[in-house]
Amino acid sequence: MKGIWAFTLFLCFGWLQAQFEEIKYASDFELNGRVERCEVLTPYGREILDFNRDQSLRQITTVFNEEDQEVVTFTYDQGALKEKSIEVVKGGELQPSVSFYHTYTRRDSITEEIVFSFDGQFQAQNRKVTDSMGSPKTLELRTNSSGALYRYESINGMTRDSLYTYLDQELIRLEIFDRTSKSEVRKSDVSYTDSIVTSIHWSSYDLNNNMLREVDSIFDYNARLVDKTEKTYSYSEGLLEVLKEMRLNQTKTKRFIYQLDNHTPPNWVKRIEQPSNAYTTRIITYFDPNDSIPR
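Predicted model, so just to flag it, every value in this text is computed and none were measured.

Engineer: Requested: an account of the pairing of strand β15 (residues 196-206), with residues and values cited.
Structural biologist: Sheet analysis places strand β14 (residues 184-193) next to β15, joined by 10 bridges and oriented antiparallel. Pairing of arginine 186 across the sheet is with serine 204, part of β15. Counting the residues in the hairpin turn of β14 and β15 gives 2 residues, including aspartate 194, whose phi is positive at 55°. With 7 bridges connecting them, β15 and strand β16 (residues 211-220) associate as antiparallel partners. The partner of tryptophan 202 across the bridge, within β16, is valine 215.

Pasting the structure below:
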């Protein structure tokens with residue numbers, strides 16, 4: 001299902017050590033203030049984001065048409081994710097075999113996730129162990145037919161942090177966070193297969209966590225080929241204004257124009273991409289400013 005695939009990618013971009021219990025907030029979706037709901041009109045339907053009063057994500061609904069949709073619901077307990085359900089509705093009916101229920105339990109440094117489908121079939125049992133600082137040490141993923149154990153080694157310094165990821169004693173990933181610059185944070189993300197570098201993702205962010213530049217290099221040593229893509233980003237008043245993409249000696253430039261609402265602080269409700277003139281529309285609902293009772 002397209003929605004589940006897109007949503008899974010969205011949740012997991014922080015890599016394996018955080019993937020099954022990462023909490024998202026309204027600010028992660030370019031939303032300011034106390035947002036209750038944000039409805040995004042897309043080419044394939046609608047995406048509806050519902051938030052709790054503390055701005056944690058409560059539910060995300062992908063509506064393809066009147067009878068086909070996917071609903072992901074999050075339940076929290078004392079600031080930690082407790083349950084997650086993924087309901088797939090097709091032809092107006094719930095699809096139990098591809099709908100899933102996740103539960104999370106925590107004991108000291110161990111977090112465990114158990115996944116069942118709505119028809120009662122066991123799907124997975126995942127177990128993460130962290131050190132006293134909350135950094136990942138191991139992540140064990142198990143299904144009915146397979147299992148994998150990831151081991152992490154962290155090296156933290158005053159200006160640079162490194163995270164090594166091993167699978168079956170083999171290095172598969174190296175992430176380096178470099179804070180030597182006073183104006184930006186740089187990150188290198190290197191993937192390995194059989195001890196050979198297969199891809200490198202290099203990125204830099206400003207101190208407001210806005211992406212400034214990213215370079216993707218994919219290596220094919222048999223073909224002696226490196227496929228390289230470079231993107232640069234520039235902003236105006238915190239909103240992306242220009243995106244330049246360079247690949248194979250060609251440059252594509254996209255510019256963005258925004259329409260803001262009258263809320264304080266404001267949010268954009270329409271973004272127009274030029275030169276295509278494609279646009280994205282958001283309908284935003286806010287909590288009553290006099291209602292501060294958390295839920």
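Engineer: Describe the confidence of the model for the protein, and please don't skip the residues or the numbers.
Structural biologist: For the protein, per-residue confidence averages 89 on the pLDDT scale, and residues scoring 70 or more make up 92% of the total. The model gives residues 1-18 a pLDDT under 50, and that stretch makes 38 contacts with residues more than four places away or in other chains.

Engineer: Tell me about the environment of glutamate 175, and name the residues and values.
Structural biologist: Among the secondary structure elements, glutamate 175 is positioned in strand β13 (residues 170-178). Overall, the relative accessible area of 3% leaves glutamate 175 in the buried class. A C-alpha to C-alpha distance of 5.1 Å links glutamate 175 and leucine 163, two positions 12 residues apart in sequence.

Engineer: Please set out the nonpolar core residue by residue, giving values where relevant.
Structural biologist: Residues Leu31, Leu49, Phe51 and Ile284 are the most contacted members of the largest nonpolar core, which totals 18 residues. Going through the elements one at a time, β1 (35-42), β2 (45-51), β3 (57-63), β4 (69-77), β5 (80-90) and β21 (278-286) are the ones with two or more residues in this core. Here isoleucine 284 is in contact with Leu31, Val35, Arg37, Cys38, Asn267, Trp268 and Val269, once residues within four sequence places are set aside. Of all hydrophobic cores here, the second largest spans 8 residues; its members include Met211, Leu240, Tyr258 and Trp268.

Engineer: Please give an account of the pattern of salt bridges that cites residues and values.
Structural biologist: Under the criterion given, the structure shown has 13 salt bridges. Notably, a salt bridge pairs glutamate 153 with arginine 151, separated by 2.8 Å at the nearest N-O pair. For arginine 173, the salt bridge is made with aspartate 189, and the minimal N-O distance between the two is 2.8 Å. One end of the pair, arginine 173, is in strand β13; the other, aspartate 189, is in strand β14, with 16 residues separating them in the sequence. Judged by its relative accessible area of 9%, aspartate 189 falls in the buried class.

Engineer: Would you mind going over unusual backbone geometry in detail, with residue names and values included?
Structural biologist: Each neighbour pair has its own omega, and for threonine 264 with proline 265 the value is -5°, a cis peptide bond. Inspection of the secondary structure assignment puts proline 265 in the loop between β19 (250-260) and β20 (268-274). Cis geometry is adopted by the peptide bond preceding proline 275, which originates at glutamine 274 and carries an omega value of 15°. When you line up the elements, proline 275 lands in the loop between β20 and β21. Although it is not a glycine, aspartate 168 adopts a positive phi angle of roughly 55°. Note that aspartate 168 resides in the loop between β12 (160-167) and β13. Positive phi, normally seen in glycine, also occurs at serine 195, with a value near 65°.

Engineer: Quick rundown of the packing of aromatic side chains? Include the residues and the values.
Structural biologist: By convention here, two paired aromatic rings are described through the distance between centres and the angle between planes. Enumeration according to the criterion identifies 4 aromatic pairs in this entry. Here phenylalanine 29 and phenylalanine 51 contribute two aromatic rings whose centre-to-centre distance is 5.9 Å and whose plane-to-plane angle is 65°, an arrangement assigned as edge-to-face. On the criterion of sequence distance, the pair formed by phenylalanine 29 in the loop between α1 (2-12) and β1 and phenylalanine 51 in strand β2 is long-range, its members being 22 residues apart. Of the two residues, phenylalanine 29 and phenylalanine 51, neither departs from the other in class, the shared state being buried. Judged by centre distance (5.9 Å) and plane angle (65°), the rings of tyrosine 258 and tryptophan 268 are edge-to-face. Residue tyrosine 258 is located in strand β19, and its partner tryptophan 268 is located in strand β20; the two are separated by 10 residues in the primary sequence. Over the aromatic face of tyrosine 166 sits the side chain of arginine 151, whose NZ or CZ is 4.4 Å from the ring centroid. Its guanidinium or amino end placed over the ring of tryptophan 268, arginine 282 lies 3.8 Å from that ring's centre, counting from NZ or CZ.

Engineer: Hey, could you go over the side chain of glutamate 214 for me, with residue numbers and the actual values?
Structural biologist: As for its placement among the helices and strands, glutamate 214 is situated in strand β16. Notably, glutamate 214 is buried but unbridged: the nearest opposite-charge side chain belongs to lysine 231, and the N-O separation is 4.6 Å. A distance of 3.3 Å separates a polar atom in the side chain of glutamate 214 from a polar atom in the side chain of histidine 201. At 2.3 Å, the side chain of glutamate 214 forms a polar contact with the side chain of tyrosine 233. When sequence neighbours within four positions are dropped, the list of residues in contact with glutamate 214 reads His201, Trp202, Ser203, Thr229, Glu230, Lys231 and Tyr233.

Conventions adopted
- Residues numbered from 1 in each chain as written.
- Predicted model: local features only at pLDDT ≥ 70, side-chain atom pairs only at ≥ 80, totals over all residues.
- Heavy atoms only, no water.
- Pairing = 2+ DSSP bridges.
- Helix = DSSP H or I, 4+ residues; strand = E, 2+ residues; numbered from the N terminus.
- pLDDT = per-residue confidence, 0-100.
- Contact = heavy atoms within 4.5 Å.
- Buried < 20%, exposed > 50% of the residue type's maximum accessible area, 1.4 Å probe, protein only.
- Core = buried A, V, L, I, M, F, W, Y, C linked by side-chain atoms within 4.5 Å.
- Salt bridge = Lys/Arg side-chain N within 4 Å of Asp/Glu carboxyl O.
- Phe/Tyr/Trp six-rings, centres within 6.5 Å; stacked < 30°, edge-to-face > 60°.
- Lys NZ or Arg CZ within 6 Å of the ring centre and 35° of its normal.
- Lys, Arg positive; Asp, Glu negative; His and termini not counted.
- Polar contact = N/O pair within 3.5 Å; in protein donor to acceptor, adjacent residues only side chain to side chain.

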